[in-house]
Structures are given as structure tokens and as C-alpha cells.
Amino acid sequence: MAKAVALVSALCVLAVVAASVVHAHKEKFHVEGDVYCDPCRVQFETELSYNLAGATVRLECRDIETKTVTYSMEGVTGSDGHYSLTVKGDHEKDICEVMPVTSPKAECSEPMGEYERAKIECTENSGLHNPIRYANPIGFMTREVAPECAPILANLATFNEETN
């Protein structure tokens, strides 16, 4: 009988610990991504793109209906151009996006327009079972196309001609 009581007690303790771990997972997410410089002004990464250390990014969650900002935080990329943000709370009724704010390089500080934001899911109710969310790369462009981009732009032009 004593062994049965001990076993039931141990199972109850494990259930409480497991519930607290699951609850902790529901309260925060880790959003990771990279910020790059686009010297070819094509608004996607090429072999000449490079990651930006020290770039500031902002994560914003907005209510789907009212568009009111419900959560906002900023972070800075490390020496490898990678950022990691911890988002608190479940944002099921929000649209969350990461966007570049400031570039550490004046020569590569122009926003990318419609491609400057990366949408992410910050809710348990998304089918994802990992608290880490990986955002698409975001970045800045140079003011002028770098001369080294000529072969890349020529390849893009050839590709566009073949697909039209």
C-alpha cells in the first residue's frame, strides 16, 4: 500500500511539473532572423548580399480587427547579422511582423519597400510545436547599384525574358 501511495504521489508531482513546463512554453516565443544589405537593389539575397551587424529591428503585433499595436519590442543584430527576440504572451488575435529600423551602415540604409517586413506566428494555436519562430530575412538596400552586380542583373534579365 505504501508503494502505491508513493507511486501516485510521484505521478502527481510529475503532472504538476509537466503542466508548468507546458504553461511556460505558452507564454513566450523566440523569434530569430537575419538582416542583410542588398547592394544590387533586387530586394532579395544574392551572392553579393552580406549580413549587417548592429542593425536594429522591431517586432510589432497588431490586433487583426482594430490594427492597434498590442505588443512591440526592439532588438539589435549580433556580429553575424542575426537577431533573437523573446516575445511574451500569446498573440493569436494579432498579426506580428519583424521589420528593420536602422542600419549601422549609412551606405546601406534604404528600406526595401513592400519586402521590408517578415510576418511570424506568435501563438500556440498555429500547428507549430516549437517555441522558436524563424522570420524571413529582412534588410536594407544601397542607394546605388554596385558595379559588381552587373552579372547578377544580366542573369535576372535573361531569366525574365525566358519566362515571358
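Residues numbered from 1 in each chain as written. Predicted model: local features only at pLDDT ≥ 70, side-chain atom pairs only at ≥ 80, totals over all residues. Heavy atoms only, no water.

**Some points on unusual backbone geometry**
A positive phi angle, close to 55°, is found at R41, a residue other than glycine. On the secondary structure map, R41 appears in the loop between strand 1 (28–38) and strand 2 (50–51). On the basis of relative accessible area, R41 is assigned to the partly exposed category, the value being 29%. Even without being a glycine, Q43 presents a positive backbone phi close to 65°. (Helix = DSSP H or I, 4+ residues; strand = E, 2+ residues; numbered from the N terminus. Buried < 20%, exposed > 50% of the residue type's maximum accessible area, 1.4 Å probe, protein only.)

**With respect to the state of the cysteines**
Here, the word disulfide means a covalent bond between the sulfur atoms of two cysteines. Counted according to the given criterion, the structure contains 3 disulfides. The disulfide partner of C61 is C96, and the gap between their sulfur atoms is 2.1 Å. Taking the sign of the S-S torsion, about 110° here, the bridge from C61 to C96 comes out right-handed. You can see C61 sitting in strand 3 (residues 56–63) and its partner C96 sitting in strand 6 (residues 94–102), a full 35 residues away along the chain. C61 sits in the buried class, given a relative accessible area of 0%. Described in terms of the sequence order of its bonded cysteines, the disulfide pattern of the chain is 1-5, 2-6, 3-4. (Disulfide = S-S within 2.5 Å.)

**With respect to the pairing of strand 5 (residues 82–88)**
The alternating pattern of strand 5 places Y83, L85 and V87 on a buried face, while none of H82, S84, T86 and K88, on the opposite face, is buried. Pairing of strand 1 with strand 5, which is carried by 7 bridges, proceeds in the antiparallel orientation. Bridged to E32 within strand 5 is S84. (Pairing = 2+ DSSP bridges.)

**A short note on the sheet that holds strand 6**
Strand order in the open sheet formed by 4 strands is 4-3-6-8, with antiparallel pairing between adjacent strands. Lying at the two open borders of the sheet, with one neighbouring strand each, are strand 4 (69–76) and strand 8 (118–120). The sheet shows a mean angle of 25° between the axes of neighbouring strands, direction not considered. Judged from the 7 bridges that link them, strand 3 and strand 4 form a sheet pairing that is antiparallel. Bridge pairing in strand 4 places C61 opposite Y71. (Axes fitted to C-alpha atoms, helices over the stretch in contact; angles between N-to-C directions.)

**Comments concerning the pattern of salt bridges**
The final tally for this structure, using the stated rule, is 4 salt bridges. For E74, the salt bridge is made with R58, and the minimal N-O distance between the two is 2.8 Å. Note that E74 is positioned in strand 4 and R58 in strand 3, a separation of 16 residues in sequence. Accessibility expressed as a relative area gives 24% for R58, which makes it partly exposed. (Salt bridge = Lys/Arg side-chain N within 4 Å of Asp/Glu carboxyl O.)

Any functional reading would require information beyond the geometric quantities listed.
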